[in-house]
Amino acid sequence: LARDISKKRREFLYFAGGVVRDYLLKRLYKKRIPKPKDLDLVLQGNLKSFLKELLEKVKGQILFESQFLTYKVKINLNGKEFLIDFITARKEIYEDIAKLPKVFASHFEDDILRRDFTINALIIGLSPPYEGVLIDLVEGEEDLKKGLIKPLYLNSFVDDPTRIFRGIRYKIRFGFNFSEDFFLALKKCFEKSALKKLSGTRLANELKLYLTKEPEKNLKNLLMTTYELNLFEEAELKINKKNFNSLISLLKELKGEISEREKEKIFLFGLVDSRFLESLYRLGFPDSEIKELIKYKKLIEENLSNWEKLSLWEKIKIFEKIPSIYLLTLGIYFPKIKKDLIKFFKEYRKVKPELTGEELIKLGVKEGKEIGALLELIRKEKIEGKIKNEEDEKNLVIQF
Ligand code: CTP
């Protein structure tokens, strides 16, 4: 339908970016490539009026319009829902190092040449004058065959250093190599201190994509490659390489226990070197959160030398003082407490008395402080395995 409308309007419509790359990769290597999550459809023309026409013919709505002449559109067709990114063919002008570009609607050739890597700069026409044609202005197909991550121009990472992280993702995801130009572009980026100038939010977002957009098994390689290219240091982010394994295993352990947002936060907290938590300012975290983390880190440190000697209940009482995101982060910084902490998080913190306060009163306990103390005692005994069921709880109350 979109193609028919573009034909009627005599505007060139094409697929671009990941969808074309993945389609060709599949054909080349006959291997399974994860299905593209988003579909990029580009129009050389007036996209706003094009979408108006499209949405008169099909059920759907514009979910989001960005400053870059793009629209996220939800289409409902035959009972199914499709999310499509509609993009205006555009030219980008970068006026400042590592700042977002100014964009202008333009010719499809400009739209190809604005892109990050040759393998992402292939397009397939959906309407005349290039209906069904693969257009490759930058030898992208050749680089796909060779398995090379090659920027389109040497200033590419000065304009947009997030592309380096994107390149790492493609390298690890597809098992490709960096081209010589990749390293030349990286050198230019370092010379201009472009990574230092990249905003904290954009830097944090790119790192989060390692976690959310890539298969879990690739996380170690993604982090190691980032480290080996010296990107963390260049971005003025003090991280601790020794945390990588601990971080990855903790996130694995916590599957299903925490939300995606919590996971992202722990990931970024856990990456940084615990001796330099101020480094988290670089990732855009607010003062209040960093101060909290420092405070709770101190609390664990005070107890660390004595950790083995503490009873299970004493450890639990310490853990209970710390909100879960900070607590789990501290498990990454201090391997000594990790085992106890995971057990606490998955098991002990969920242990609750079967009896309620009201039932305790019915059993003759006086209202007030005593109730709280008893409920706490029941919990302690349950965790320590001394009592098991409601009956045991009642007996404990009677003895008390
Ligand atoms: N792009 C770019 N520079 C960026 C971000 C995106 O040139 N900093 C271009 C690339 O050509 C990319 C396209 O915009 O192919 C779409 O971006 P995105 O949806 O983020 O990536 P995909 O290529 O679809 O790849 P992925 O599989 O990682 O989603």
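Residues numbered from 1 in each chain as written. Predicted model: local features only at pLDDT ≥ 70, side-chain atom pairs only at ≥ 80, totals over all residues. Heavy atoms only, no water.

Further remarks concern the site of the ligand. Inspection of the region around the ligand gives 16 residues, with Arg21, Asp116, Asp160, Arg173 and Lys213 positioned closest. Separating a nitrogen atom of the ligand from a side-chain N or O atom of arginine 163 is a distance of 3.2 Å. Note that an oxygen atom of the ligand is positioned 3.0 Å from one of the side-chain N or O atoms of arginine 169. For the ligand, whose accessible area on its own is 580 Å², the fraction buried by protein is 82%. (Near = heavy atom within 4 Å. Polar contact = N/O pair within 3.5 Å; in protein donor to acceptor, adjacent residues only side chain to side chain. Areas by Shrake-Rupley, 256 points an atom, 1.4 Å probe, with all protein chains shown as cover.)

Looking now at unusual backbone geometry. With the exception of glycine, most residues fall at negative phi, and the peptide bonds are largely trans. That bond from proline 128 to proline 129 is cis: its omega, 10°, falls within 30 degrees of zero. Along the chain, proline 129 falls in the loop between strand E8 (123-125) and strand E9 (134-135). One non-glycine residue with positive phi stands out, namely asparagine 230, at about 70°. Its place among the elements puts asparagine 230 in the loop between helix H11 (219-228) and helix H12 (231-234). (Helix = DSSP H or I, 4+ residues; strand = E, 2+ residues; numbered from the N terminus.)

Right, let's talk about the sheet that holds strand E1 (residues 12-16) for a bit. Two strands in a sheet stick together by hydrogen bonds in their backbones, pointing the same way (parallel) or opposite ways (antiparallel). With mixed pairing, the 7 strands of this open sheet are ordered in space as E3-E4-E5-E2-E1-E8-E9. Taken across any chain shown, the strands that pair with only one partner, and hence form the sheet edges, are strand E3 (59-65) and E9. In this sheet, strand E2 (residues 39-44) lies alongside E1 in antiparallel orientation, the contact comprising 4 bridges. When the bridges of E2 are listed, leucine 13 appears paired with leucine 43. Contacting E1, E2, E8 and E9, helix H2 (residues 18-29) runs over the sheet at an angle of about 60° to E1. Packing against the sheet, helix H3 (residues 47-57) makes contact with E1, E2, E3, strand E4 (70-77) and strand E5 (80-88), and its axis sits at approximately 10° to E4. (Pairing = 2+ DSSP bridges. Contact = heavy atoms within 4.5 Å. Axes fitted to C-alpha atoms, helices over the stretch in contact; angles between N-to-C directions.)

Quick look at a nonpolar patch on the surface now. A cluster of nonpolar residues, Leu63, Phe64 and Leu83, forms a patch on the protein surface that exposes about 300 Å² of accessible area. Structurally, phenylalanine 64 is set in strand E3. (Patch = residues over 30% accessible without salt bridge, like charges linked within 9 Å, V, L, I, M, F, W, Y side chains within 5 Å. Salt bridge = Lys/Arg side-chain N within 4 Å of Asp/Glu carboxyl O.)

This next bit is on the pairing of E2. Across 5 bridges, E2 lies against E5 in parallel orientation. Bridge pairing in E5 links leucine 43 to threonine 88.

Turning to the pairing of E4, a few remarks are in order. Both E3 and E4 contribute to a ladder of 6 bridges, which runs antiparallel. Bridge assignment links glutamine 61 to a residue of E4, and that residue is lysine 74. Between E3 and the antiparallel strand that follows it, E4, lie 4 residues; leucine 69 among them carries a positive phi value of about 60°. In the sheet, E4 pairs with E5 via 8 bridges, with the strands oriented antiparallel. Opposite tyrosine 71, over in E5, you have phenylalanine 86 as the bridge partner.

Taken as a whole, the chain shows an average pLDDT of 94; of its residues, 98% reach a score of 70 or greater. Predicted complex metrics record ipTM = 0.98 and pTM = 0.93. (pLDDT = per-residue confidence, 0-100.)

For the coordinates displayed, the defined rule picks out 44 salt bridges. A salt bridge links lysine 317 to glutamate 320; the shortest N-O distance between them is 2.8 Å. Note on lysine 317: relative accessible area 27%, which makes it partly exposed. By relative accessible area, which is 32% here, glutamate 320 ends up partly exposed. A salt bridge links lysine 394 to glutamate 390; its shortest N-O distance comes to 3.9 Å. Taken together, the positions of lysine 394 and glutamate 390, both in helix H21 (residues 390-399) and 4 residues apart, correspond to about one turn of that helix. When its relative accessible area of 32% is taken as the criterion, glutamate 390 is described as partly exposed. (Buried < 20%, exposed > 50% of the residue type's maximum accessible area, 1.4 Å probe, protein only.)

On to the environment of phenylalanine 400. For phenylalanine 400, the position within the fold is in the segment after H21. In this structure the C-alpha to C-alpha distance between phenylalanine 400 and leucine 377, which are 23 residues apart in sequence, comes to 9.9 Å. Beyond its immediate chain neighbours, meaning those up to four positions away, phenylalanine 400 contacts Glu370, Leu374 and Leu377.

With that settled, consider helix H10 (residues 200-212). Its 13 residues place the ends of H10 18 Å apart at the C-alpha level, agreeing with the 18 Å of an ideal helix rising 1.5 Å per residue. Turning to H10, its buried residues number three or more, namely Gly200, Arg202, Leu203, Ala204, Glu206, Leu207, Tyr210 and Leu211. Where H10 is buried, its residues contact helix H7 (162-174), H11, H12, helix H13 (243-253) and helix H14 (260-271). (Expected span 1.5 Å × (residues − 1).)

Let us look at the layout of surface pockets. In this approach a probe as big as a water molecule rolls over the atoms, and the regions it shows empty are the leftover space. Put simply, the largest pocket is a space of about 1,800 Å³. If you go around the largest pocket, you meet 45 residues; those closest to its centre are Asp38, Asp40, Asp85, Arg166 and Lys213. For the lining of the largest pocket, the secondary-structure elements that each account for two or more residues are H2, E4, E5, strand E6 (90-93), H7 and H10. In terms of residue count, the dominant contributor to the lining of the largest pocket is H7 (6 residues). Here the residues of the lining of the largest pocket sort into 14 nonpolar, 8 polar and 23 charged. (1 Å grid on protein atoms, 1.4 Å probe; cavity = no way out; pocket = protein on both sides within 12 Å on 5 of 7 lines; lining within 4 Å. Points joined across faces, edges and corners; volume = space filled by probe spheres on them. Nonpolar A, V, L, I, M, F, W, Y, C, P; charged D, E, K, R; others polar.)

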